[in-house]
Amino acid sequence: MGVAPVRSVPSFDPSTVRLIAITDSLRDGPRGLALRAAAAVAGGATMIQLRLKEESARSLVEIARTIQAMVPEVPLIVNDRADVALAAGAAGVHVGVDDLSPALLRRVVPSGFVIGASVGNDEEVARAAGADYVRIGPVFATGSKSDAGAAIGPVRFGELARRCGLPSVAIGGITSERVPSVLVAGAAGVAVISALFGAPDPTLAARSIRNALDATGR
């Protein structure tokens, strides 16, 4: 596959996690997915996370490169696979509880490589050490991820966010109407899957959520 140079990220910018658009499927092929990503960014998405659980590493590298070529203005983060992120020259990786911990990854990835970590309970807080940001949830019930677990609600989100002490992103059932409640609880941003990539018009969908984020002044 070859390893591409990692895009320079001198220091993590929390504004990049304001609205994370997480990919859903390849139903319209790599180019179609990239076009939907571009549409979400046009509406205000600040980061793209490539999440395609069933694809091979080689396929993921090519898809990541396609997205970056079409959407160069925001960081691309790869789900789970730091090797794919490095090979594609992506900005970083997002890891779950079954992946290498952020602290271990820091030993082997280049300086400036962005690392996000999933947190869903108290036991997972310590494991997030070394990450640039955490994604906490599901805050509300969601059908986008079969392994998401029970909804924790905004209050519990806020408790975990304070314990982590890192920019915290709310995920799970996020809509524009629910944005104020997670921002009040301490969210730096939100992550959305089906509400953006499953929308008939991802640009309008992203704009609605982004407007809700910006309206609070937080």
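All of these numbers come straight from a predicted model, not from anything done at the bench.

Topic: the sheet that holds strand 8 (residues 189–192)
For step 1, the next point in the chain: Strands sit in the order 1-2-3-4-5-6-7-8 around a closed barrel of 8 strands; the barrel is parallel. Direction aside, neighbouring strands of the sheet carry axes that sit 25 degrees apart on average.
For step 2, the next point in the chain: Here 3 bridges tie strand 3 (residues 76–79) to strand 4 (residues 92–95), and the two strands are oriented parallel to one another. Paired with Val78 across the bridge in strand 4 is Val93.

So, the confidence of the model for the protein chain
For step 1, the next point in the chain: Looking at the protein chain as a whole, the pLDDT averages 92, with 92% of positions reaching at least 70.
For step 2, the next point in the chain: Predicted confidence for residues 1–10 stays below pLDDT 50, and this span has 25 contacts to residues more than four positions away or in other chains.

Quick word on the pairing of strand 1 (residues 19–22)
For step 1, the next point in the chain: Burial of the side chains of strand 1 extends over both faces: Leu19 and Ala21 are buried on one face and Ile20 and Ile22 on the other.
For step 2, the next point in the chain: With 3 bridges connecting them, strand 1 and strand 8 associate as parallel partners. The residue of strand 8 that forms the bridge with Leu19 is Val190.
For step 3, the next point in the chain: As defined by bridge partners, strand 1 adjoins strand 2 (residues 47–50) across 3 bridges and the pair is classed as parallel. Of the residues in strand 2, the one forming a bridge with Ile22 is Gln49.
For step 4, the next point in the chain: Once the chain exits strand 1 it traverses helix 1 (residues 29–42) before rejoining the sheet at strand 2, and the crossover so formed is right-handed.

So, the pairing of strand 6 (residues 133–136)
For step 1, the next point in the chain: By the alternation rule, side chains of strand 6 split into Tyr133 and Arg135 and Val134 and Ile136, which are all buried.
For step 2, the next point in the chain: Note: strand 5 (residues 114–119) against strand 6, 4 bridges, orientation parallel. Counterpart to Val119 in the pairing with strand 6 is Ile136.
For step 3, the next point in the chain: Direction of pairing for strand 6 relative to strand 7 (residues 168–171): parallel, over a ladder of 3 bridges. Looking at strand 7, one finds that Ile136 is bridged to Ala170.

Some points on the environment of Thr175
For step 1, the next point in the chain: Here Thr175 lies in the loop between strand 7 and helix 6 (179–184).
For step 2, the next point in the chain: Residue Thr175 is classed as partly exposed on the basis of its relative accessible area, which comes to 28%.
For step 3, the next point in the chain: Between the C-alpha atom of Thr175 and that of Ala117, which follows or precedes it by 58 residues, the distance is 22 Å.

Conventions adopted
Residues numbered from 1 in each chain as written. Predicted model: local features only at pLDDT ≥ 70, side-chain atom pairs only at ≥ 80, totals over all residues. Heavy atoms only, no water. Pairing = 2+ DSSP bridges. Helix = DSSP H or I, 4+ residues; strand = E, 2+ residues; numbered from the N terminus. Axes fitted to C-alpha atoms, helices over the stretch in contact; angles between N-to-C directions. pLDDT = per-residue confidence, 0-100. Contact = heavy atoms within 4.5 Å. Buried < 20%, exposed > 50% of the residue type's maximum accessible area, 1.4 Å probe, protein only. Right-handed = clockwise from strand over helix to strand, strands pointing away.

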